[in-house]
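Remarks on the overall topology
Listed below are the residues making up each chain.
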Amino acid sequence: MPSDRKTGLRWSNWNLLLLVPLLMLITPWFNIDEPRLFGLPFFYWYQFAFVPLGVLCVGLVYVKTKDQPVVTGKPDKLGVDDLDEGAN
C-alpha cells in the first residue's frame, strides 16, 4: 500500500546532549586513583556521578523534543476500519 507521507529522522540541536553519556565510554580519561571521595577512587565515583547526569541529559532531550512532529506532509486519512476490510 503506497503512502504519500514523508517520514524520516527528526533532528534537533537538543539531541547533541545525548553525546554526554557516551563520554563514559572513554575510560582512559578517568582511569586514575586520585582524588578520592569517601574513600572511593576517582574511577568509581566519576562513573557513579555520570549515572544521574546521563539520566538528566536523556530526560531533558525527551522533554524538549517530544512535541516535534515526526511525519511531515499530508495527514493519513485511512481509518482503522478501512485497514480491517483489507485483511479478508
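Keep in mind the model is a prediction, meaning the values are calculated, not measured.

Here we come to the overall build of the protein. Helix and strand content of the protein: two helices and zero strands. Going through the 88 residues of the protein one by one, you find that 12% of them count as buried. Sequence-distant contacts, at least 24 apart, represent 64% of the contacts inside the protein between residues at least 6 apart. Accessible area for the protein stands at about 7,500 Å²; split by element, carbon and sulfur atoms hold 64% of it.

Attention now moves to the side chain of Thr65. Topologically, Thr65 is positioned in helix H1 (residues 42–65). Taking the relative accessible area as the measure of exposure, Thr65 reaches 9% and is therefore buried. At 2.6 Å, the side chain of Thr65 forms a polar contact with the backbone oxygen of Val61. Not counting the four nearest positions on each side in its chain, Thr65 is found in contact with Arg10, Ser12, Trp14 and Asn15.

This brings us to a nonpolar patch on the surface. Where nonpolar side chains cluster on the molecular surface, the patch consists of Trp11, Leu16, Leu19, Leu22, Leu23, Leu25, Ile26 and Trp29 and spans about 870 Å² of accessible area. Its place among the elements puts Leu22 in the segment before H1.

In the numbering adopted here, UniProt assigns the feature "transmembrane region" (unreviewed entry) to residues 12–32 and 44–63. Here residues 12–32 is 0% helix and 0% strand, with 35 Å between the C-alpha atoms at its ends. Here residues 44–63 runs as 100% helix and 0% strand, with 30 Å between its end C-alpha atoms.

All right, on to the packing of aromatic side chains then. Scanning the entire structure with this criterion turns up six aromatic pairs. Consider the rings of Phe30 and Phe43, whose centres lie 5.4 Å apart with planes at 25°: the pair is stacked. Taken together, the residues span a long stretch of sequence, with Phe30 in the segment before H1 and Phe43 in helix H1 at a distance of 13 residues. Here the aromatic rings of Phe30 and Tyr46 are separated by 4.9 Å at their centres, their planes lie at 35°, and the arrangement is tilted. A residue pair is termed long-range when its members are at least 10 positions apart, and Phe30 in the segment before H1 and Tyr46 in helix H1 qualify at 16 residues. Members of the aromatic cluster, connected to one another through ring pairs, are Phe30, Phe42, Phe43, Tyr44, Trp45, Tyr46 and Phe50.

A few words now on the confidence of the model for the protein. Here the protein averages 79 in pLDDT, and 74% of its residues register 70 or above. Confidence drops under pLDDT 50 across residues 1–5; counting only partners more than four residues distant or on other chains, this segment forms seven contacts.

Pairing is possible between side chains that carry opposite charge, provided their charged atoms lie close to one another. Counted according to the given criterion, the structure contains two salt bridges. Note that Asp33 and Arg36 form a salt bridge whose closest N and O atoms lie 2.9 Å from each other. A relative accessible area of 35% means that Asp33 is categorised as partly exposed. Glu34 is the salt-bridge partner of Arg36, the closest N and O atoms lying 3.9 Å from each other. Within the structure, one salt-bridge network assembled from shared partners comprises Asp33, Glu34 and Arg36.

What counts, and where the lines are drawn
Residues numbered from 1 in each chain as written. Predicted model: local features only at pLDDT ≥ 70, side-chain atom pairs only at ≥ 80, totals over all residues. Heavy atoms only, no water. Helix = DSSP H or I, 4+ residues; strand = E, 2+ residues; numbered from the N terminus. Buried < 20%, exposed > 50% of the residue type's maximum accessible area, 1.4 Å probe, protein only. Contact = heavy atoms within 4.5 Å. Areas by Shrake-Rupley, 256 points an atom, 1.4 Å probe, with all protein chains shown as cover. Polar contact = N/O pair within 3.5 Å; in protein donor to acceptor, adjacent residues only side chain to side chain. Patch = residues over 30% accessible without salt bridge, like charges linked within 9 Å, V, L, I, M, F, W, Y side chains within 5 Å. Salt bridge = Lys/Arg side-chain N within 4 Å of Asp/Glu carboxyl O. UniProt positions renumbered as here; feature names shortened; annotations may be inferred. Phe/Tyr/Trp six-rings, centres within 6.5 Å; stacked < 30°, edge-to-face > 60°. pLDDT = per-residue confidence, 0-100.

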